[in-house]
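# Residue-level structural notes
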Amino acid sequence: MFAVIRKIFAAIFAVMIICSLNFCEAAKKIVAVMPLENVSGYTEQKVAEIMTEQLIVAIHSSGIYTVVEREQLGTVLREQGFQNIAVDPNKAVELGKLSGADYTLVGKVTMADGKTDELSDALSTIGKIVALGKIFNGEDGNFGNIPEAKKSEFKISVELRFIDNTTGEIVLASSVAGEQKGENNVAAMNSACKNAAENFFIELQKNNPLVARIADISGADIYIDKGSDDGLRQGEILIISRETSPIMVNGKIVGMKSEKIGRAQVVEVNAEYSICKIIEQYYPASQGDILKRS
């Protein structure tokens, strides 16, 4: 009898866990990342496709959003017969809705440029020759001090719009850039596109206001009442401030004056709370102090 009851409770518990996981996943907003248009004039590589892929990776890996699968989005595009959707936000929103997304990201690559960094490569080669000469002469030739050759450098600029599919409102219109070096043009391009995608997500996060409060302080750890459910990410820098006195307008309190306490970095993120470390402090932080994005 007790064995049967245990099995029943175990089954109920398993169902509760599955439901809670599904709820958490459902709570995430869905983004349709439309293929970017390339108007940069750069034709050596499929720069728009690479940039699109890096945006998908940046948005999905944030843990805040889910992204419409490329195959699913491609099916919608083919079924509707849309062309050149990157320059028409209205069509992009319609496609986003058809794919089941809450938001649609559209944009275009406006500048792309890759070049060989001949000077860096030459300095590295010269350094190696000098080091070999010292070794042959019985001296200490240290290869560790020689700068690594970076043969290619790539720059990219992208114009992006993040659109709310429900209202049609442009939540964020942003121009971002990326610049990186690599061992070859393809590596440098991928790194530059990744850099630009990360810069866009930073802009998107800045557009997402966050106000957290210190719930508890334990040694060097500050516990705040916001987490991944609120869009907070590990590594973010937050401004700590303290409310001092009310702001009165026509006899009503319309806000609070505040003074800056310092800055803290998010080191651990959970669903409903996070842990921060103070990286700059003017006054000791206290329970109830406010943290905002810089």
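The structure this text deals with has already been given above.
Quick caveat, the model's predicted, so the values are computed rather than measured. (Residues numbered from 1 in each chain as written. Predicted model: local features only at pLDDT ≥ 70, side-chain atom pairs only at ≥ 80, totals over all residues. Heavy atoms only, no water.)

### A short note on the overall build of the protein chain
Counting secondary structure elements, the protein chain contains six helices and twelve strands. A burial count over the protein chain gives 35% of its 294 residues as buried. Restricting the contact set of the protein chain to residue pairs at least 6 apart, pairs at least 24 apart contribute 66%. Approximately 17100 Å² of the protein chain is accessible, and the part contributed by carbon and sulfur atoms is 53%. (Helix = DSSP H or I, 4+ residues; strand = E, 2+ residues; numbered from the N terminus. Buried < 20%, exposed > 50% of the residue type's maximum accessible area, 1.4 Å probe, protein only. Contact = heavy atoms within 4.5 Å. Areas by Shrake-Rupley, 256 points an atom, 1.4 Å probe, with all protein chains shown as cover.)

### A closer look at the pattern of salt bridges
Scanning the entire structure with this criterion turns up five salt bridges. Across the pair Lys-277 and Asp-221 runs a salt bridge whose closest N-O atoms are separated by 2.5 Å. Pair noted here: Lys-277 is in strand S11 (residues 274-281) and Asp-221 is in strand S8 (residues 221-224), with a separation of 56 residues, a long-range link. Its relative accessible area of 33% is what places Lys-277 among the partly exposed residues. Glu-280 is paired through a salt bridge with Arg-263; the nearest N and O atoms lie 2.7 Å apart. With Glu-280 in strand S11 and Arg-263 in strand S10 (residues 252-269), the pair connects residues that are 17 residues apart, well separated along the chain. Here Glu-280 falls in the partly exposed class, since its relative accessible area comes to 26%. On the accessibility criterion, Arg-263 (29% relative accessible area) is partly exposed. (Salt bridge = Lys/Arg side-chain N within 4 Å of Asp/Glu carboxyl O.)

### Here we look at helix H6 (residues 185-206)
Taking 1.5 Å as the rise per residue, H6 with 22 residues should run 32 Å; its terminal C-alpha atoms sit 32 Å apart, in good agreement. Buried positions along H6 lie against helix H2 (47-61), strand S3 (65-67), strand S4 (103-116), strand S5 (152-164), strand S6 (170-182) and strand S12 (290-293). Regarding H6, its N-cap is Asn-184, as a side-chain oxygen of that residue lies 3.2 Å from the backbone nitrogen of Val-186 further along. (Expected span 1.5 Å × (residues − 1). Polar contact = N/O pair within 3.5 Å; in protein donor to acceptor, adjacent residues only side chain to side chain.)

### Overview of a nonpolar patch on the surface
A cluster of nonpolar side chains, namely Ile-247, Val-249 and Val-254, defines an oily patch on the protein surface of about 230 Å² accessible area. Assignment of secondary structure puts Ile-247 in strand S9 (residues 237-249). Ile-247 sits in the partly exposed class, given a relative accessible area of 33%. (Patch = residues over 30% accessible without salt bridge, like charges linked within 9 Å, V, L, I, M, F, W, Y side chains within 5 Å.)

### What about unusual backbone geometry?
Of note in the backbone geometry, Asn-250 takes a positive phi value of approximately 55° without being a glycine. Residue classification places Asn-250 among the exposed positions, given a relative accessible area of 77%.

Structural measurements only, silent on function.
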